Structures are given as structure tokens and as C-alpha cells.
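Survey of secondary and tertiary structure
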Amino acid sequence: MSKPKLGLQGPVIAWQDSWAGEASDEIMRTGTGSVYPSQDDTPPPGRFVEAMKELGAEFYVHHMFPSLAGQSEMIRDMAGHGMDVCLGNEYGNINGPFVEGTNRYDVPDDALLEAARSGKLIGLLYDEPEHLQINASQYRKDEFLPHWGGTEGKSLAQSQEWVTEAVAERVNRVRGVLAGAGLDPDRVPLVSEFVFPTLFHTKARGGMAVCPKIMKESFQSLQLSTALGAAKQYGRAMWICADLWGPDAGPWFTRTSGFPGHSPEEYASALRMGYYMGPTHLFTENIDVLLQYENDRFRKTEFGDVWDEFVRGFVPEHPLTWTHGQAEPDIVVIHSDNSNYGQNERLFGNRGLTAPASTQSVFHVWHLLSHGTIPAHGSCMHIPGYSFPRQQLKAQVPKDRFPLKEGWPFPLEERVHPLHYPVNNVLVFDDTVQEHQLGCPKLILVAGDRISEETLKAVRRRAESGATVIIARWLSSDHWPASGRAGEGNWLVTDSFLTDDLVKEAVESFLGSPDCWMQRFGGTEVRMYKEDAQGFTLDFEIRKG
């Protein structure tokens, strides 16, 4: 059996940090650009830890204060209560201090060692570092300083290499500090969260574990197929963050606009979806939505009830016999990890680069593979064409009226974030994937702006062994520019995955049913269907081979 470790991330609005106290209301604790005063009373440390344990949490994701307020006391209490801890860098990213030349906060060596020596430290969580590399002015306004350093003046390929090397340097620094103190560096991975489905492969190549955010503003199948592929290609752990921040509003307990931006029913389905991907760790961001603390006691919200049922009911009743590393694709997408999610600029944080049109071919591939349900001009909802209900809530309800215990009666038919986008057992690899890592896919699509010589040859050999390969002309023209039979398989060269009728005809038999999203792990198929008409909730079928 392979059960992921389950965790909860600390509060950012609900109550002051139990160890840092008033320091909580002196800094920005969310990415909204505002200081939010705490809404609830502050629970004593022991009571907070016990509340997490009562919810079945096995680890705590702590928002580390840049001032280190309460840090030593928190580590002491985690050890005393037998609770594992993962240190998150979000508050430092938002407020500083920053590593020179970046907008990034790194855990200081002394604090790292103190936590690791407790025996309870299980990871260092980097909050949305792909976002902060591309959109470097999100928090830090004085200069444009990307998360892993500037890439100005570099080509697209050079920019990616720069980021990869910067990630590897930080990974090696942490490992060296731990090893130098006689501690096991493998116990404390650097974990990269992703709100956009970009840079998974770059961060994994640099040595980080991958942690896709689910819910949020993502297209779930695209996000998870990309994360699974990166973890498999580079042999990394895969964590999953069930992020309750999101675009929608509705008649549910609401801390502030967009939090939560998903219904309790969607949250229940998302937890099951994430669990069935076989991650090593699964946690919820944030605990604010699950609990209220008033009159010296915690009270579960409807979201707390969902989490409680998931941990105490669903997980023990549905034991996993697979892990994320056993994902085996029927369809492989290969593309260079170019950091374009539909913004078409600032690739790898490089303001001097104009996004080549070839980078958008990846969006066309996903539109094709998802039966047209994923848009053809981007890979998440932060692209033109989406209006978020949370913006109406923010405009109509003053901040001091929150939390809304009964939520806001936004019409169901106007919500924008379903979970269901049907694709048929897809994994995503980057442009350096090796032949033995591909598995035995029936269909391979090669897009993006570049591909390595060895990967191109590997893909050709897969075609000769029986696969259907559809490849962008600009990637194939110097070697195999003509479409036709290739040994036992097919080689189709195209100028457009979006408009080429021959491409549509070639993929039709591989796409599966438009009502099913399927992912295979070894001999087990996880099949996901719409439980409601719009796909905000999922129905699951597990098929054993």
C-alpha cells in the first residue's frame, strides 16, 4: 500500500500565528497586496496543534516569518507533539528580505539547522516560484528581479539553463548545509509549488520535488499530466497542494474574496482526485477555511467536514496500490519547457524576449487532446476570456464584513472553475527526454520551440516501432521533413496542431471518450467523469488491469 502523508498549511487570515502573535498583523500574509487583520481569536500553540491532529494531519506547513518570530518555539512544539513540519517561504517572498538580485526568500542556514535537528523537518516549500520568475513584480515593486535571478540578454534556451542552474545551486547549498552538520539531506527536499503548468521540468531538472496546485485557476488534467511527467522523467517526489484560493464565489463559508474560490463539493472531489494521483504528500492551503476559532474553541466549517470525511472515511476505505512514479502514458506530449502559459511575454522572466509563435503550439496540442475543452490560447485561466466571480464579490462586499458564514449567492451557472477536462492518459516530457523514459505510448505529439537531437532520434525510433508521431514542421524539417510511414508506425509533420485536418484525423482514435479523463498507473486505470452537468465534481472509477 502507498498512502500519501496528509498535511495542513497554517492560517493567513483566520487568526494570528500561534507562536508569532501580533507580528501576524504587521506583514502581508497573502498575495493580495494588502495587510489583512486577523478575523478570529488566537488559539494557544498546543490547542492549534491538537486541532490539526484531530483533523488527521500528519504534517504542518508553516508560513515562516522573515523576522523568525516564534520560529524556535514552533519547532520545539512540533517536536513535542510529534508533528512533522515543512517550512514555507511565502511570507518572505511577499515582504522580504530577499536574496540579493532576486525577489526570493531563502530559509537562513541557522533556522534550517535548528528545524532539521529537531528530527521533524520534512521539506522546504517554495511558494509559486515559476510565477515569481515570470511575473517578478508581483510582490517586489522596487525592481524587476526574478525569483532565480535575471535572464535579460539571454536566448530562450540560455534563460532556461540559467534558471535550472540557479535552482540546482540552491538545492546543493541546502544539501551541503545539512550534510555538513551530519544530517541526512534526503530528508529535507526543496519542494516547488506551481500555480501555472510551466517550469515543472526545469525545477525538477534542477533537483526540486514538484508540487502542483490543484483547484486554484488550473485546468486539472493539464496541470497533473505535466507534473506527473516531470516527476517521472527526473525521478522526483510529487507533492500535491489542494489550494482553496480560486476564482469562484458561492453560498459557502468565505474568509475573503476568492478564499475559498471553490465549493465544498468541488473541494471533496479535488481531494480524491489528488489522492488518486499517488503523491508522496497531499496538503490543503489554508486551514483558515476549515476551522473557525471563537470562545476558546475550534469549530469545523463545511470545508472542515469535507477534509475530516476525506481523512477518516475516504482514505482508509480506498487504499492505494500505486504511486505517481508508476504513471504509464498512452499519449505523450513532448515540448520545450518555455514558461509560456498564455502571457506570451517575460519567458523565464526575460523582458527582452518576444515569445516565438512556436511556444503557443503547446496550447493547440492541449485543445486537441481535450476534445476542445481546454482553450487554444493558454494553459490556465489567467488568460483572456475569463472573468472571475471573486472580483464581483470583492467589489460588492467591504473587507470588514468578512468572514461571510453563509457566503455569497453567486449563480451556479456563472461559476468558471470545473474540475473535469477530458484527456486520455497523457504524460508531458520535455525536449531532452530519453527513449527509455517514454514508456510505450501509442501517440506522441512534439511541439514547442526546440528539441534535442537525441530526443528527436528517440521519437523517430518510437515511430518506426509502431507509434503514431505528430511533430511540428520546424522541429522535424532538418531530419525527417516528409510525412508518411516510418517503419511500423506513422510520422506526420504539421504546420498547425490546431487547423490541420490530417492531424485531427490521425489523433481521433487515440483521444478516448469526451466524457472521461483517464490516467493509468501500472495496471490500474483511474477514470474520472462529470458527477454534475458542468464537471465541478467528479465521479471516479478504478479499473484494475
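Every value quoted in this text rests on a predicted model; they were computed, and no experiment measured them.

Examined against the element boundaries, Ser2 turns out to sit in the segment before strand 1 (5-9). Along the primary structure Ser2 and Leu320 are separated by 318 residues, whereas in three dimensions their C-alpha atoms are 5.4 Å apart. Ignoring anything within four residues of it in the chain, the contact list for Ser2 reads Leu320, Trp322 and Thr323.

Moving on, we get to the pairing of strand 5 (residues 190-194). Among the five residues that make up strand 5, five are buried, leaving the element largely enclosed by the rest of the structure. Two elements, strand 4 (residues 121-126) and strand 5, share three bridges in a ladder whose sense is parallel. Counted as the bridge partner of Leu124 is Leu190 from strand 5. One crossover worth recording links strand 5 to the parallel strand 6 (residues 209-215) by way of helix 7 (residues 200-206), and it is right-handed.

This brings us to the sheet that holds strand 21 (residues 538-544). Strand order across the open sheet formed by three strands is 19-20-21, with antiparallel pairing between neighbours. Edge strands, defined here as strands with exactly one partner in the open sheet, are strand 19 (517-521) and strand 21. Direction aside, neighbouring strands of the sheet carry axes that sit 20 degrees apart on average. Both strand 20 (residues 524-530) and strand 21 contribute to a ladder of seven bridges, which runs antiparallel. Of the residues in strand 21, the one forming a bridge with Tyr529 is Asp539. In the packing of helix 9 (residues 264-276) onto the sheet, contacts are made with strand 19, strand 20 and strand 21, and the angle to strand 21 comes to roughly 25 degrees.

With that out of the way, let us pick up the packing of helix 1 (residues 45-54) against helix 2 (residues 71-81). Following both chains from N to C, one finds helix 1 and helix 2 inclined at 50 degrees, their axes separated by 11 Å at the closest point. For the element pair helix 1 / helix 2, the angle class is oblique. With respect to the hand of their crossing, helix 1 and helix 2 are arranged in right-handed fashion. Where helix 1 abuts helix 2, its residues Pro45, Gly46, Val49, Glu50 and Lys53 lie against Asp77, Met78 and His81. Its residues assigned to classes, the contact of helix 1 with helix 2 comprises three nonpolar, two polar and three charged.

Time to look at the sheet that holds strand 18 (residues 489-494). Strand order in the open sheet formed by six strands is 14-11-15-16-18-17, with mixed pairing between adjacent strands. Looking at strand neighbours, the two that pair on one side only are strand 14 (426-429) and strand 17 (484-486), the edges of this open sheet. Neighbouring strand axes in the sheet, compared pairwise and without regard to direction, differ in orientation by 20 degrees on average. Judged from the three bridges that link them, strand 17 and strand 18 form a sheet pairing that is antiparallel. The residue bridging Gly484 from the neighbouring strand is Trp491, located in strand 18. Contacts from helix 11 (residues 361-369) reach strand 11 (331-335), strand 14 and strand 15 (443-447), with the element oriented near 155 degrees to strand 15. The strands touched by helix 13 (residues 453-464) within the sheet are strand 11, strand 15, strand 16 (468-472), strand 17 and strand 18, with strand 18 carrying the most contacts at an inclination of about 130 degrees.

Here we come to the nonpolar core. Ranked by internal contacts, the top residues of the largest apolar core, which has 150 residues, are Leu124, Tyr267, Leu290, Trp307, Phe310 and Leu445. With eight residues, helix 6 (residues 156-180) is the largest single contributor of residues to this core. Those residues within four positions of Tyr267 in sequence are excluded, and the remaining contacts are Met215, Ala242, Leu244, Thr284, Leu290, Phe303, Val306 and Trp307. Ranked by size, the runner-up nonpolar core spans eleven residues in total, among them Phe59, Val61, Cys211 and Trp239.

Our next topic: the pattern of salt bridges. Under the counting rule described, the total for this entry stands at 37 salt bridges. A salt bridge links Arg255 to Asp40; the nearest nitrogen and oxygen atoms lie 2.8 Å apart. Here Arg255, found in the loop between strand 7 (239-243) and helix 9, pairs with Asp40, found in the loop between strand 1 and helix 1; they are 215 residues apart in sequence, far enough to count as distant. The buried category is assigned to Arg255, whose relative accessible area is 0%. For Glu193, the salt bridge is made with Lys213, and the minimal N-O distance between the two is 3.7 Å. Taken together, the positions of Glu193 in strand 5 and Lys213 in strand 6 put the pair 20 residues apart, joining distant regions of the chain. In this pair, the class of Glu193 matches that of Lys213, namely buried.

Conventions and cut-offs
- Along each chain, the written sequence defines residue order, and numbers are assigned to residues from 1.
- The model is predicted, so local features are restricted to residues of pLDDT at least 70 and side-chain atom pairs to those at 80 or more, both for listing and for counting; the totals for chains, interfaces and linings are taken over all residues.
- To get the side-chain values, all heavy atoms of the structure are used, and hydrogens and water are removed first.
- Here a helix means four or more residues in a row that DSSP labels H or I, a strand means two or more in a row labelled E, and each is numbered from the N terminus.
- Every residue pair with non-hydrogen atoms within 4.5 Å of one another is taken to be in contact.
- The buried label applies to any residue whose accessible area, calculated with a 1.4 Å probe on protein chains only, is under 20% of its type's maximum; exposed applies above 50%, and partly exposed to all values in between.
- Whether two strands pair comes down to DSSP finding at least two bridges between them.
- If you view a crossover with the strands going away from you and the path from the first strand over the helix to the second runs clockwise, you call it right-handed.
- Between N-to-C directions, angles span 0 to 180 degrees; the directions come from axes that are lines fitted to C-alpha atoms, helices contributing only their stretch in contact.
- Orientation labels follow simple angle bins: below 35 degrees gives roughly parallel, above 145 gives roughly antiparallel, 65 to 115 gives roughly perpendicular, and whatever is left gives oblique.
- Left-handed is the label given to a crossing in which the near helix is rotated counterclockwise from the far helix by less than a right angle, and right-handed is the label when the rotation is clockwise.
- Amino acids are sorted into nonpolar (Ala, Val, Leu, Ile, Met, Phe, Trp, Tyr, Cys and Pro), charged (Asp, Glu, Lys and Arg) and polar (every other residue, Gly among them).
- What is meant by a nonpolar core is a set of buried Ala, Val, Leu, Ile, Met, Phe, Trp, Tyr and Cys residues, joined one to another through side-chain atoms within 4.5 Å.
- Take a side-chain nitrogen of Lys or Arg and a carboxyl oxygen of Asp or Glu: if they are within 4 Å of each other, that pair is a salt bridge.

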